[in-house]
Amino acid sequence: MRWLYTLLLYLLTPLLLLRLRLLARRNPAWALRWGERFGRVPPQETGRTLVWLHTASVGEVLAAAPVARALLQEPGLQLLMTTTTPTGADRVAALFGDQVQHVYAPFDLPGSVRRFLDRVQPRLYLMMETELWPNTLAACRAREIPGVLINGRLSEKSARGYQRFAALTRPMLQGLTEAGIQNRADAERFQDLGLRPDATHITGSIKFDLTLDDSVRERAAALRAQWQGNPARPIWIAASTHDGEDGPLLEAFAQVRAQTTSNPLLVLVPRHPERFDSVAELSNERGFVTARRSTGEAPGADVQVLVGDVMGELLTLYGASDIAFVGGSLIDNGGHNLIEPAAWGLPILSGPSLYNFAEVSDLLKEAGALQVIENAEELAGQVISLTETEELRTVRGQAAREVAEANRGALEKTLTLIRRYL
């Protein structure tokens, strides 16, 4: 089955390259460093223990950051991080500078992976969440390089997809040396697909081990002071939105403005940078006075929608807000990270598609911190209630913070797992 998978991947490679070229129309970085995607990376420094940490894009980079920081404290260790997207590469550079070497991950082609491993020669291969590639794992296993999955998660929907290719999935999962899984339900799904019970460890979600350091708090407080104005107005953030969500969000915001006199500010943050321009245009077309975060100018009292078109500052933007809606949930995308707004103590709103964060969302719903809405009307009603009732905001926000704090500890469990192989 892996032979057939490899053949298909080779046949599809021209289309993969065409896709990179098309993506480069909006972000030229997609057209750069293609050699790395075929394993042509600079040889790494010898004499040090090299750990290869693979993430996909921005979300996984941010989730992996605590692990990376801890590994950088290990004496004699060199950390190489790979991503598949330029935005992920930018986050690695912004977070770690020259402390961490970054290259793009090789395509899962035997020749590309072999070339990559020849030049990098890692002691250990770490994969974040669901970044599982059959040929890469097989090549590491052949070279006796331990492959460890960290912060692993597997929704019911994803499990059904893997099950359709069981002949490929089972040997891949059986080849994992260890796997740190976020919760028991996900662990059972992994085991049903082939993960060995003796390699399965329930570690919790690293994302709960979020640290809001003084610098982040100070930046958030400064933004909040700029945005609120005098008299203070409520700030509603709609974060990580996808195509198909911005229209309903703006419709809900129009209803909120029509039914309140508090002059609320909507901070609308698209998930992908290639949508920044179109979202700003949509806001203008709907008649809102719209500003863009990238200008660096504080939105005046006349600004109604602020488009968050700067990558890497979502955590800070949450800290400047009163109410949070988390996107990727009004469409069938499975939702995005609910823990960041919870750590700030914000009341959280979301659409019904939450399969990527099923356990986290269940915890928040049970605590009364997360309200799931189906449409613009329900969203507007929730925002109005939270805007007009400070006690309700406080109670739900405190419940969210308590959930976030009660579930810390995954980082240390994950590091214990990793250190077995250093």
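Residues numbered from 1 in each chain as written. Predicted model: local features only at pLDDT ≥ 70, side-chain atom pairs only at ≥ 80, totals over all residues. Heavy atoms only, no water.

Chemist: Account for the overall build of the protein chain, with residues named and values stated.
Modeler: Counting secondary structure elements, the protein chain contains 18 helices and 14 strands. For the protein chain, the C-alpha atoms occupy an extent of roughly 65 × 45 × 45 Å along the three principal directions. Relative to its 422 residues, the protein chain shows a buried fraction of 56%. Nonlocal contacts in the protein chain, meaning residues at least 24 apart in sequence, comprise 67% of its contacts between residues at least 6 apart. Counting only carbon and sulfur atoms, one obtains 50% of the accessible surface of the protein chain, whose full area is about 18,300 Å². Each charge class in the protein chain can be summarised by its mean position, and for the 44 positive and 48 negative side chains these summaries are 7 Å apart. (Helix = DSSP H or I, 4+ residues; strand = E, 2+ residues; numbered from the N terminus. Buried < 20%, exposed > 50% of the residue type's maximum accessible area, 1.4 Å probe, protein only. Contact = heavy atoms within 4.5 Å. Areas by Shrake-Rupley, 256 points an atom, 1.4 Å probe, with all protein chains shown as cover. Lys, Arg positive; Asp, Glu negative; His and termini not counted. Charge placed at Lys NZ, Arg CZ, Asp CG, Glu CD.)

Chemist: I'd like a rundown of the environment of P43, residues and numbers included.
Modeler: Mapped onto the elements, P43 comes out in the loop between α2 (34-37) and β1 (49-54). With relative accessibility at 67%, the residue P43 sits in the exposed group. Sequence separation between P43 and I202 is 159 residues, and the spatial gap between their C-alpha atoms is 35 Å.

Chemist: Tell me about helix α11 (residues 246-259), and please be specific about residues and values.
Modeler: The terminal C-alpha atoms of α11, which comprises 14 residues, lie 20 Å apart, in line with the 20 Å expected from a rise of 1.5 Å per residue. Buried residues of α11: D246, G247, L249, L250, A252, F253 and V256, and no others. (Expected span 1.5 Å × (residues − 1).)

Chemist: An account of unusual backbone geometry is requested, with residue identities and associated values reported.
Modeler: The phi angle at R33 is positive, at roughly 60°, despite the residue not being glycine. Note on placement: R33 falls in the loop between α1 (2-23) and α2. The residue Q121 is not glycine, and still its phi comes out positive at about 50°. We classify Q121 as exposed; its relative accessible area is 60%.

Chemist: So what's going on with the packing of aromatic side chains? Which residues, and what values?
Modeler: The tally for this structure, following the rule as stated, stands at five aromatic pairs. Here F38 and F107 contribute two aromatic rings whose centre-to-centre distance is 5.3 Å and whose plane-to-plane angle is 90°, an arrangement assigned as edge-to-face. On the criterion of sequence distance, the pair formed by F38 in the loop between α2 and β1 and F107 in the loop between β3 (101-104) and α5 (110-120) is long-range, its members being 69 residues apart. When sorted by exposure, F38 lands in the same class as F107, which is buried. With a centroid separation of 6.1 Å and an interplanar angle of 55°, the aromatic rings of W236 and F253 are classed as tilted. Residue W236 is found in strand β8 (residues 235-241), and its partner F253 is found in helix α11; the two are separated by 17 residues along the sequence. Grouped by ring-pair contacts, the aromatic residues W52, F116 and Y125 constitute a single cluster. Looking at R37, its charged tip hangs above the ring of Y104, at a distance of 4.2 Å from the centre. Residue placement shows R153 over the ring face of F357; its charged tip is 5.8 Å from the ring centre. (Phe/Tyr/Trp six-rings, centres within 6.5 Å; stacked < 30°, edge-to-face > 60°. Lys NZ or Arg CZ within 6 Å of the ring centre and 35° of its normal.)

Chemist: A description of a negative patch on the surface should follow, citing residues and the corresponding values.
Modeler: Among the surface-exposed residues, E251, E374, E377 and E378 lie close enough to one another that they form a single negatively charged patch. By the secondary structure assignment, E251 is in helix α11. Residue classification places E251 among the partly exposed positions, given a relative accessible area of 36%. (Patch = residues over 30% accessible without salt bridge, like charges linked within 9 Å, V, L, I, M, F, W, Y side chains within 5 Å. Salt bridge = Lys/Arg side-chain N within 4 Å of Asp/Glu carboxyl O.)

Chemist: Give a detailed account of the UniProt feature "domain: Glycosyl transferase family" (unreviewed entry) in the protein chain, specifying residues and quantitative values.
Modeler: In the numbering used here, UniProt assigns the "domain: Glycosyl transferase family" (unreviewed entry) feature to residues 249-402. Along residues 249-402 one finds 44% helix and 14% strand; the C-alpha atoms at either end are 28 Å apart. (UniProt positions renumbered as here; feature names shortened; annotations may be inferred.)

Chemist: Account for the sheet that holds strand β11 (residues 305-307), naming residues and giving values.
Modeler: Here seven strands make up an open sheet; going across it, the order is β10-β11-β9-β8-β12-β13-β14 and the pairing parallel. Each edge of the open sheet is held by one strand with a lone partner, namely β10 (290-292) and β14 (370-372). Strand-to-strand twist in this sheet, taken as the mean axis angle between neighbours without regard to direction, amounts to 20°. Relative to β11, strand β9 (residues 265-270) runs parallel, the two sharing three bridges. By the bridge assignment, V267 is partnered in β11 with L306. Relative to β10, helix α12 (residues 276-285) is tilted by about 160°, and along the sheet it contacts β9, β10 and β11. (Pairing = 2+ DSSP bridges. Axes fitted to C-alpha atoms, helices over the stretch in contact; angles between N-to-C directions.)

Chemist: Can you lay out the sheet that holds strand β2 (residues 77-83) for me, pointing to particular residues and giving the numbers?
Modeler: The strand order across the open sheet built from seven strands is β3-β2-β1-β4-β5-β6-β7, with neighbouring strands paired in parallel fashion. At either margin of the open sheet sits one strand with a lone partner, and together these are β3 and β7 (200-202). Taking each pair of neighbouring strands and ignoring which way they run, the sheet shows an average axis angle of 20°. Here three bridges tie strand β6 (residues 178-181) to β7, and the two strands are oriented parallel to one another. Bridging across to β7, G180 finds its partner in H201. Packing against the sheet, helix α3 (residues 58-72) makes contact with β1, β2, β4 (124-128) and β5 (147-152), and its axis sits at approximately 170° to β2. Docked against the sheet, helix α4 (residues 86-96) engages β2 and β3, running at close to 150° with respect to β2.

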